[in-house]
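Coordinate inspection notes
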Amino acid sequence: MNESPAIDVRDLTKVFGRFTAVDRISFAVAPGDIFGFLGPNGAGKSTTIRMLCGLLASTSGTALVGGYDINREPDRVRQRIGYMSQRFSLYRDLTVAENLAFFGGVYGLSRGALRDRAADVLRLAGLSGIESARTGTLSGAIQQRLALACAILHAPPILFLDEPTSGVDPVSRRAFWELIQDLAARGTTVLITTHFLDEAEFCAHIGLISAGRLVALDTPAAVKSGVAEDVFELQVDDLFSSAERLKGIPSILGTACFGPRLHAYCPRGAATEQSLTATLGAAGIPVTALHSVPMSLEDAFMRLVAPAAALPGSPV
Amino acid sequence: MNATGPDARAPNAAPGMPRSLWAGSLHRTAVLLRKELIQVLRDRALIGLLIFAPVIQLVVMGFAVTTDIKDIGLAVRDNDRSAQSREYVRTLAASGYFRIIATTGSETTDDRLLVSGAVGLVLVIPADFSARLLAGRSVTVQALADGADSNFAVNGINYLYQATRLYSERLVAPRRADLARIQGVHLPSVTVQPRAWYNPNLTSRNFFVPGLMGMLLLVTTMIVTSMALVKEREEGTMEQLIVTPLRPLEIIAGKLLPFVAIGAVEITLALIVMRLVFQVPFEGSYALLYLASGVFLLTTLGLGLFISTLVHTQQQAMMAAAFFVMMPFILLSGFVFPIENMPLVIQHVAAFIPLKYYLIIIRGLFLKGTGLPELWPPLLVLLLWGLGILSLAVLKFHKRLD
């Protein structure tokens with residue numbers, strides 16, 4: 001990175017009582033980048049984003065957002081960020097236009113600038129014409145796009161989106177991501193959290209967080225190739241008992257259930273489709289089909305989060 | 001710090017950087033105020049709660065809250081049944097305080113009359129009533145009172161005393177006149193000639209209704225303020241509010257000012273009801289009433305804000321307001337029970353209740369026409385209280401979620 005980063009997080013930590021929600025996290029996001037913050041529910045994603053937005057005070061460590069320290073100059077940070085929270089947080093009893101007028105107003109937009117910007121963001125979000133609707137009566141997908149429109153009303157150079165796509169149908173999710181990529185192309189830095197790992201493909205860089213710790217930080221491709229293992233997809237009759245028995249085989253590091261199939265992880269280059277079929281045959285484990293498959297981000301995440309013992313569970 | 005390359009479509013001249021600090025602050029407060037007003041005016045239930053409920057309560061409770069006791073049930077057991085005893089009972093009836101029921105039968109029925117609440121007093125006239133009076137001797141009647149309702153019993157016995165003294169005076173008067181005329185003997189006596197200033201008929205309503213106004217002002221503004229802020233937290237909109245450049249003081253000002261306006265409307269409506277419906281006199285200055293009420297609002301809004309910083313749900317806010325503020329305020333402010341009658345320790349506690357001072361002020365304004373020279377000490381206490389609780393609330397109100 002030859003430019004100074006838009007977001008620069010250094011050893012950020014948050015402790016609630018005896019529970020460490022975020023544990024010495026450090027990362028940097030370049031201007032205009034889309035940074036995906038991925039991990040299961042409760043991993044510390046929202047807590048991190050809330051500290052960066054000035055909603056929570058950090059226990060230790062700090063971060064520079066837009067060049068300003070979140071603890072020492074929160075007001076300057078606020079002026080430069082847009083934030084969309086996990087819960088819909090516009091006023092339901094106000095109309096779309098009233099919500100836009102309020103949020104534009106508190107950011108200091110003049111009446112004329114507000115009118116232009118409101119029209120712009122509504123067009124961008126594909127919501128032109130709904131200005132007089134009561135916000136509470138809109139559908140979930142429209143509310144979510146409206147919340148984004150509101151968050152970018154004051155043209156913040158940095159945007160924080162906390163699980164914006166949870167509870168939204170797949171078509172709307174895709175449309176939403178196109179909107180975000182559009183914003184990034186115009187120079188906005190975006191930090192987005194999600195628990196949908198497939199959405200990581202839209203991000204330039206990702207950070208994987210588990211139990212408050214950052215377990216991987218790179219481009220999606222590099223995160224996948226960073227796990228030095230091969231993946232074999234197995235079709236078996238009894239998923240759970242097979243998964244248990246596979247653990248006993250020395251060349252298999254771990255397993256994970258992917259729908260009706262089982263993924264087995266072996267050290268890179270240690271096994272081929274033929275050798276593994278032979279090994280399983282010798283161990284008396286019935287396998288209908290066995291294929292080598294490329295490592296997905298889900299695989300990588302499973303291996304990074306639980307390297308000791310991957311539980312047969314649904315992917316995150 | 002342009003390395004972050006703001007959105008190409010951003011309006012120039014960084015939108016959030018206003019010309020001066022003050023102008024920016026005023027602008028943000030005005031924007032918030034506008035939003036609050038739209039929300040309050042759109043919330044019909046809230047408007048009903050704030051404007052109509054207090055007026056209706058004032059009317060209903062104004063009629064109900066009165067300690068003037070009339071029509072006390074008085075059962076009379078006349079064991080004498082003479083012209084004298086009947087005359088005595090007639091005198092009692094003429095006082096206007098009693099509803100008289102003659103009782104015969106066994107004495108155990110007296111007890112039942114008191115227990116059932118059919119009467120509040122039982123008067124027993126002895127069989128030798130007329131005989132002793134005619135002989136020029138004194139006689140004692142017995143009064144049994146239902147002491148369970150002590151206020152009622154005390155008042156009833158007092159009225160009985162007064163009416164009996166009147167009857168007794170009437171018996172003595174001709175003798176006294178004879179003594180003076182024939183024998184030149186004068187009996188010394190002291191007579192009280194009462195004149196109740198400020199409230200000549202001692203109408204308790206004139207005393208209670210202004211207090212009721214203070215009470216209603218406290219309840220409505222405090223509860224609604226505490227709920228207004230907690231509502232933002234409950235609905236998740238507080239999160240969005242915190243990430244904006246709004247400063248804590250701006251949020252507080254924007255949240256509280258609409259309720260100042262509503263408080264002013266409430267006072268005006270209450271004033272109209274009191275003057276027109278209850279014909280409560282108003283001797284003081286209206287300007288002073290609004291000034292004192294404005295100062296009192298500092299306290300009620302400050303308490304509401306303070307409560308909102310302590311609780312997490314609107315329900316908790318309601319409970320805290322009802323239990324920790326309203327109960328002690330109603331009981332210890334002198335709204336119902338005179339503070340002078342309380343034990344000294346409790347009087348010291350009552351000194352911390354701001355409603356006490358507001359009641360002193362408005363009762364003075366309504367009935368006595370007191371002015372600033374007399375009212376500045378309670379006004380000052382009220383002001384200190386208001387500024388104190390408001391500052392405390394502002395200090396506790398952080399722009400954070402935790």
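To be clear, the structure that these remarks concern was listed above.
Here the residue index of a chain counts from 1 through its sequence in written order. Note on labels: chains are lettered from A, ligands numbered from 1, in written order. Only residues with pLDDT of at least 70 are given local features in this predicted model, and only at 80 or more are side-chain atom pairs given and counted; all residues enter the totals for whole chains, interfaces and linings. Side-chain figures throughout are based on the complete set of non-hydrogen atoms in the structure, without hydrogens or water.

Let's talk about the overall build of chain A
We apply this condition: Think of it this way: any DSSP run of H or I at least four residues long counts as a helix, any run of E at least two long counts as a strand, and we number them from the N terminus. Whether a residue is buried, partly exposed or exposed follows from its accessible area with a 1.4 Å probe, protein chains only, as a fraction of its type maximum: under 20%, in between, or over 50%, in that order. Contacts are residue-level and defined by heavy atoms, with any inter-residue pair within 4.5 Å sufficient. Residues counted as positive are Lys and Arg, residues counted as negative are Asp and Glu, and His and the chain ends are not counted. Lys charges are placed at NZ, Arg charges at CZ, Asp charges at CG and Glu charges at CD.
Across its full length, chain A carries ten helices and 14 strands. Overall size of chain A, expressed as C-alpha extent along the three principal axes, is 75 × 40 × 40 Å. Among the 316 residues that make up chain A, the fraction classed as buried is 54%. Residue pairs in contact within chain A that sit at least 24 positions apart in sequence constitute 70% of those at least 6 positions apart. Charge separation in chain A, taken as the distance between the mean sites of 28 positive and 31 negative side-chain charges, equals 7 Å.

Remarks on the nonpolar core
Here is the rule: Here, nonpolar core means buried Ala, Val, Leu, Ile, Met, Phe, Trp, Tyr and Cys residues that are tied together by side-chain atoms lying within 4.5 Å of each other.
Core analysis: the biggest nonpolar cluster contains 167 residues, and A:I7 and A:F160 have the highest contact counts within it. In this structure A:F160 touches A:I7, A:I49, A:L52, A:C53, A:V65, A:I81, A:G82, A:Y83, A:M84 and A:L191, once residues within four positions along its chain are discounted.

Quick word on the sheet that holds strand β6 (residues 81–84) of chain A
Residue and element names in this part refer to chain A. What counts here: The pairing criterion is simple: DSSP has to find at least two bridges between the two strands. All axes here are fitted lines through C-alpha atoms, helices being fitted over the stretch that makes contact, and every angle between N-to-C directions spans 0 to 180 degrees.
An order of β6-β7-β8-β3-β9-β10 is seen for the six strands of this open sheet, with the pairing classed as mixed. A single partner strand is all that each edge strand has here, and the edge strands are β6 and β10 (213–218). Between one strand axis and the next, the sheet turns by 15 degrees as a mean value, whatever way the strands run. Two strands pair when backbone bridges link them, and strand β7 (residues 158–162) and strand β8 (residues 189–194) are joined in this way by five bridges, in the parallel orientation. Residue pairing across strands places L161 opposite I192, the latter belonging to β8. Packed on one face of the sheet, helix α10 (residues 297–305) meets β3 (34–38), β9 (205–210) and β10 and runs near 40 degrees to β9.

Some details on a nonpolar patch on the surface
As a reminder, the rule being used: Like-charged residues within 9 Å of one another, or nonpolar side chains (Val, Leu, Ile, Met, Phe, Trp, Tyr) within 5 Å, are grouped into patches, provided each residue has over 30% relative accessible area and no salt bridge. Residue burial considers only the protein chains on display, and all accessible areas are found by Shrake-Rupley using a 1.4 Å probe. Basic side-chain nitrogens of Lys or Arg form a salt bridge, by our definition, when they fall within 4 Å of a carboxyl oxygen of Asp or Glu.
Among the surface-exposed residues, B:F323, B:F324, B:M327, B:L331, B:V336 and B:F337 lie close enough to one another that they form a single nonpolar patch of about 620 Å² accessible area. Its place among the elements puts B:L331 in helix α11 (residues 314–332).

Things to note about the pairing of β3(A)
All names here are of chain A. Counting buried positions along β3 yields five of five residues, so the element is predominantly enclosed. Neither face of β3 is exposed, since I34, G36 and L38 on one face and F35 and F37 on the opposite face are all buried. As judged from the five bridges shared by β3 and β8, these two strands associate in the parallel manner. What sits directly across from F37, in β8, is T193.

A closer look at the environment of B:L58
Residue and element names in this part refer to chain B. Its location among the elements puts L58 in helix α2 (residues 44–64). With relative accessibility at 1%, the residue L58 sits in the buried group. In the structure, L58 is positioned 212 residues away from A270 in sequence and 7.3 Å away in space, judged by C-alpha atoms. With residues near it in sequence (within four places) discarded, L58 still touches V209, L212, M213, L216, A270, V273, M274 and F278.

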